[in-house]
Amino acid sequence: MDKIEIRDLEIFANHGVFPEETALGQKFVVSAVMYTETRPAGLTDDLSASINYGEVSHMITDFLQKNTYKLLEALAENLCQMLLQELPLLKMITLRVEKPWAPVMLPLDTVSVCISRGWNTAYLSIGSNLGEKKDNLLQAIRLLNEDPLTKVTKQSSFIETEPVGYTEQDDFLNAALEIKTLRTPEELLELIHTIEQELKRVRKIHWGPRTIDLDIILFNDQIIQKDDLIIPHIEMTNRLFVLEPLCEIAPYVIHPVLHESVLALKQKLL
C-alpha cells in the first residue's frame with residue numbers, strides 16, 4: 001500500500017500526568033505514516049483524489065491543542081481514531097508521538113509512543129426466528145452502524161432457513177454482513193453481545209430460538225482460538241445458512257485455515 005508521511009510536526013500542547021504539564025504545556029513532536037492508494041491522484045494530478053497532508057497537519061495540531069490526556073498512549077490512540085474516522089481515503093496509520101521535555105529528572109533526548117491502527121474487515125452471520133424476524137435483523141444492523149468504530153459496508157439478502165440442531169422451533173431468517181471496524185476481534189465480540197442483550201437475546205437452549213444471533217465468521221485473515229472466541233467460526237464450513245448469504249457478498253474471500261474460497265466451501269455443501 002502507498003504511503004504519505006508527515007515527519008516531526010512540532011506542537012505546543014497540554015498533556016501529561018503532572019498538573020504543571022497540563023497547566024503550562026510543553027512541546028510534542030508528531031510523525032504520521034498514512035497508508036492509502038495514491039495512484040488515482042498520481043494519474044489525475046487531483047488533490048481531492050488523495051490525502052491532503054497540509055490539512056492533516058492542521059487536524060493533528062488542532063486535536064492536540066483542544067484535548068488533554070494524561071498518557072501519550074491515550075493521546076496516540078484517540079488521535080489515530082479521529083484521523084481514521086475523518087479521512088475516507090485513509091486505510092491505516094502509523095503514528096509516533098514524542099515528548100522531548102519529559103519530566104523524568106534524567107538526561108534523555110525524548111520519550112515516545114508509536115502505534116499502528118487501521119480499518120479491519122470482518123464478516124458476520126446474523127439470524128432471527130422469534131418475533132418480527134426482519135425487524136430484529138434491521139435493528140441489529142442499525143445498532144452496528146450506530147457504533148462510532150464500526151460501519152456495515154455490505155449486506156446480503158435475507159434468506160429463510162430451517163433450524164439446525166434443535167429442530168422444534170420456527171424457521172430462521174438469516175443474512176451476512178461485511179463490516180469495517182476499528183475494533184479488535186475481542187472488542188467486536190463485546191459489541192455483538194451488547195447488541196444481543198439490547199434486542200433481548202436469551203440463551204436457554206443450545207441452538208434454540210432467539211430474537212437475534214450475531215456471529216463473527218471471519219476477521220481479516222486472522223486465526224484466533226480462545227475459550228470465548230474462535231475465528232474463523234468453527235461451524236461456518238458446515239452451515240449453508242452461513243455460506244449462502246456470505247457467498248452473495250464475499251464469494252472469493254479465502255478461509256485462512258483451509259485456503260479455500262467461500263464459494264468453494266458453499267459448493268461442497270450443495
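Residues numbered from 1 in each chain as written. Predicted model: local features only at pLDDT ≥ 70, side-chain atom pairs only at ≥ 80, totals over all residues. Heavy atoms only, no water.

J.: Could you clarify how one ought to interpret the overall build of the protein chain in this entry?
T.: Within the protein chain, the regular secondary structure consists of 8 helices and 11 strands. Here the C-alpha coordinates of the protein chain stretch approximately 70 × 45 × 30 Å along the principal axes. Across the 270 residues that make up the protein chain, the buried fraction comes to 47%. Looking at the protein chain alone, contacts between residues at least 24 apart form 64% of all its contacts between residues at least 6 apart. Summing over all exposed atoms, the protein chain offers an accessible surface of approximately 14800 Å²; the carbon and sulfur share of this is 52%. Within the protein chain, one finds 26 positive and 40 negative side-chain charges whose respective centroids are separated by 1 Å. (Helix = DSSP H or I, 4+ residues; strand = E, 2+ residues; numbered from the N terminus. Buried < 20%, exposed > 50% of the residue type's maximum accessible area, 1.4 Å probe, protein only. Contact = heavy atoms within 4.5 Å. Areas by Shrake-Rupley, 256 points an atom, 1.4 Å probe, with all protein chains shown as cover. Lys, Arg positive; Asp, Glu negative; His and termini not counted. Charge placed at Lys NZ, Arg CZ, Asp CG, Glu CD.)

J.: For this particular structure, what's the right way to read unusual backbone geometry?
T.: Only a minority of non-glycine residues have a phi that is not negative, and only a minority of peptide bonds are not trans. In this structure, the amide linkage connecting Ile 231 to the following residue, Pro 232, adopts the cis form with an omega of -5 degrees. With respect to the element layout, Pro 232 can be found in the loop between strand S11 (230-231) and helix H7 (240-249). In this model, Asp 8 sits at a positive phi of 55 degrees, which is unusual for a non-glycine residue. Positioned with a positive phi, Met 105 is a non-glycine residue whose angle comes to about 60 degrees. Taking the relative accessible area as the measure of exposure, Met 105 reaches 77% and is therefore exposed.

J.: Quick question: what am I supposed to make of the nonpolar core here?
T.: In globular proteins that are soluble, nonpolar side chains generally tend to be buried together. Counting 33 residues, the largest nonpolar core has Ile 60, Leu 64, Leu 79, Leu 83, Ile 93 and Leu 95 as its most contacted members. Those elements that provide at least two residues to this core are strand S1 (2-13), strand S2 (26-36), helix H3 (53-66), helix H4 (72-86), strand S3 (92-99) and strand S4 (111-118). The dominant element in this core, judged by the number of residues it contributes, is H4, at 8 residues. In this structure Ile 93 touches Ala 32, Val 33, Met 34, Tyr 35, Cys 80, Leu 83, Leu 84, Ile 115, Ser 116 and Arg 117, once residues within four positions along its chain are discounted. Within the second largest apolar cluster, 26 residues are counted, among which are Ala 140, Leu 214, Ile 224 and Ile 231. (Core = buried A, V, L, I, M, F, W, Y, C linked by side-chain atoms within 4.5 Å.)

J.: Help me out: how do you make sense of the sheet that holds S2 in this one?
T.: Paired through their backbone hydrogen bonds, the strands of a sheet run either parallel or antiparallel. Taken together, 4 strands build an open sheet; the order of strands is S1-S2-S3-S4 and the sheet is antiparallel. At either margin of the open sheet sits one strand with a lone partner, and together these are S1 and S4. Mean inter-strand twist for the sheet, computed between neighbouring axes without regard to direction, equals 15 degrees. Across 7 bridges, the pairing between S2 and S3 is antiparallel. Bridge pairing links Met 34 to Ile 93 in S3. Against the sheet, H3 contacts S1 and S2, and its axis sits at roughly 35 degrees relative to S1. Packed onto the sheet, H4 meets S2, S3 and S4 and runs at close to 30 degrees relative to S4. (Pairing = 2+ DSSP bridges. Axes fitted to C-alpha atoms, helices over the stretch in contact; angles between N-to-C directions.)

J.: What's the story with the side chain of Ser 128 in this structure? I'm lost.
T.: The topology assignment puts Ser 128 in strand S5 (residues 120-128). The buried category is assigned to Ser 128, whose relative accessible area is 0%. A polar atom in the side chain of Ser 128 sits 2.6 Å from the backbone oxygen of Thr 211. Once residues lying within four places of it in the same chain are set aside, the contact partners of Ser 128 are Lys 133, Asn 136, Leu 137, Asp 171, Phe 172, Leu 173, Arg 210, Thr 211 and Ile 212. (Polar contact = N/O pair within 3.5 Å; in protein donor to acceptor, adjacent residues only side chain to side chain.)

J.: How do you make sense of the pattern of salt bridges when you look at a structure like this?
T.: Oppositely charged side chains may form a pair once their charged atoms are brought near each other. A complete count under the given rule lists 10 salt bridges for this structure. For the salt bridge of Glu 146 with Arg 142, the shortest nitrogen-to-oxygen distance reads 2.9 Å. With a gap of 4 residues between them, Glu 146 and Arg 142 both fall in helix H5 (residues 133-146), about one helical turn apart. Lys 226 is the salt-bridge partner of Glu 186, the closest N and O atoms lying 2.6 Å from each other. Highlighted residues: Glu 186 in helix H6 (residues 185-198) and Lys 226 in the loop between strand S10 (224-225) and S11, separated in sequence by 40 residues. The class for Glu 186 is partly exposed, based on a relative accessible area of 30%. Of the residues examined, Lys 226 reaches a relative accessible area of 41% and is grouped as partly exposed. (Salt bridge = Lys/Arg side-chain N within 4 Å of Asp/Glu carboxyl O.)

J.: Explain the packing of aromatic side chains to me, please; I cannot follow it from the model alone.
T.: Each aromatic ring pair is specified by the distance between its two centres and by the angle formed by the two planes. Evaluated as defined, the whole model comprises 1 aromatic pair. The ring of Trp 119 has Lys 151 lying over it, and the distance from NZ or CZ to the ring centre is 4.5 Å. (Phe/Tyr/Trp six-rings, centres within 6.5 Å; stacked < 30°, edge-to-face > 60°. Lys NZ or Arg CZ within 6 Å of the ring centre and 35° of its normal.)

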